[in-house]
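These are the residues of each chain, in order.
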Amino acid sequence: MLVIMILITGATGTVGHHVLELLSTDPLRREPLRAISRQPDRISVAGVDAVAADLDDPPTLAAATEGVRAVFLATAPGPTIPDHDLALITAAVRAGVTKIVKLSAIGTTPESDQPDLGSHAPAGWHAPGERALAGADTLRWVSLRPASFASNALSWADDIRAGRPVINTTGNGAMPVIDPADIAAVAVRALLDDRLDGTALTLTGPAPISVPEQVAVLADLLGRRIPVTDLTSEESRRHYLDQGWPTAVAEEIVGSQLAVREGRHARPTAAVAEVLGRPGADFAGWAARNRSAFTG
Ligand SMILES: NC(=O)c1ccc[n+]([C@@H]2O[C@H](COP(=O)([O-])OP(=O)(O)OC[C@H]3O[C@@H](n4cnc5c(N)ncnc54)[C@H](OP(=O)(O)O)[C@@H]3O)[C@@H](O)[C@H]2O)c1
């Protein structure tokens, strides 16, 4: 007998691991779960069919999508997103998958990779996948377009533990950063319920917050001063090049950060509260639950 499943990609990643955990205990879920990773032994949620698959290796995706009804599609950030999205969507359509919930990014539209639109880089990377979903006659889809993740603050953890300043590359620009667990909770509703089909949801936290304000929240939590070093856009570009990023990627990162510096995407949306029936977590809530990452 063919078992119909839900497939989670990026299942070891920032949002995907929450999607897998939430689905595994959701009382409304009827179908078994399959999750893919290039190292499936890293998936430890009980009862999940953990499968080795690589978004760069189409035959593994054909096997992973067999017998699947719905897919949570999460790809690692960067210029590989279009190829990875299209590889998974192609395999899913061939396998008869009927629904894909895609983790996209704020500011994305199906056209946001057109150079004359001046979109920030992630919006360009996610556009081909959104276009492919909209153009696939046999698929129902939901696109989740989140603001920056609160968990990006984890990249400061080493510096904070060592007493070094946090590097701020976005000035006083504020963004309503979102708790990845809230994105995952919305994704679960989109996978299990048809009411969101055909919608693109811009997901944000409840209030805009700048990097210096996030650092102040962490300083309060840890009970000590955390210094901040502000970099201009030019200094930021040099910083990323010194870290070994290729020039094109450094340019794209700095371009994305310009959007935050200039206050684009600063306005919170009501989407998380509308879907979940409760407000999303603010940065302080996320930080309190992840305090241990900044200590020790
Ligand atoms: N961070 C933000 O602020 C932000 C904001 C808006 C949107 N987004 C979007 O959210 C998505 C996730 O970003 P993230 O930074 O949180 O990344 P992430 O989910 O932590 O990315 C790593 C995940 O991608 C999987 N992966 C990477 N390469 C793979 C491959 N070749 N085949 C199969 N799986 C592969 C990894 O699986 P294994 O290593 O286990 O194979 C891991 O589960 C990105 O598309 C990004 O554009 C991020």
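Values in this document were obtained by computation on a predicted structure and should not be read as measured data.

Peer 1: Let's hear about the pattern of salt bridges: which residues, and what values?
Peer 2: Tallied over the entire structure, the rule returns 19 salt bridges. For the salt bridge of D85 with K102, the shortest nitrogen-to-oxygen distance reads 2.7 Å. Taken together, the residues span a long stretch of sequence, with D85 in helix α3 (residues 81-95) and K102 in strand β5 (residues 99-103) at a distance of 17 residues. By relative accessible area, K102 is classed as buried at 0%. In this structure, R278 engages D182 in a salt bridge whose closest nitrogen and oxygen atoms are separated by 2.9 Å.

Peer 1: Report on the sheet that holds strand β1 (residues 5-8), specifying residues and quantitative values.
Peer 2: The strand order across the open sheet formed by 7 strands is β3-β2-β1-β4-β5-β6-β9, and the pairing between neighbours is parallel. Strand pairing shows two members of the sheet lacking a second neighbour, β3 (49-52) and β9 (199-203), which therefore form its edges. The average undirected angle you get between the axes of adjacent strands in this sheet is 20°. Sheet analysis places strand β4 (residues 68-73) next to β5, joined by 4 bridges and oriented parallel. Paired with V71 across the bridge in β5 is I100. Each of β1, β2 (33-37), β3 and β4 touches helix α2 (residues 58-65); the most contacted strand, β2, lies at about 165° to it. Across the face of the sheet, helix α6 (residues 180-192) comes into contact with β1, β4, β5, β6 (140-146) and β9 while running at roughly 165° to β5.

Peer 1: Mind laying out the UniProt feature "domain: NAD(P)-binding" (unreviewed entry) in the protein, listing which residues take part and the relevant values?
Peer 2: Those residues carrying the UniProt feature "domain: NAD(P)-binding" (unreviewed entry) are residues 10-193 in this numbering. In residues 10-193, the share of helix is 36% and the share of strand is 17%. The end C-alpha atoms are 21 Å apart.

Rules behind the numbers
- Residues numbered from 1 in each chain as written.
- Predicted model: local features only at pLDDT ≥ 70, side-chain atom pairs only at ≥ 80, totals over all residues.
- Heavy atoms only, no water.
- Salt bridge = Lys/Arg side-chain N within 4 Å of Asp/Glu carboxyl O.
- Helix = DSSP H or I, 4+ residues; strand = E, 2+ residues; numbered from the N terminus.
- Buried < 20%, exposed > 50% of the residue type's maximum accessible area, 1.4 Å probe, protein only.
- Pairing = 2+ DSSP bridges.
- Axes fitted to C-alpha atoms, helices over the stretch in contact; angles between N-to-C directions.
- Contact = heavy atoms within 4.5 Å.
- UniProt positions renumbered as here; feature names shortened; annotations may be inferred.

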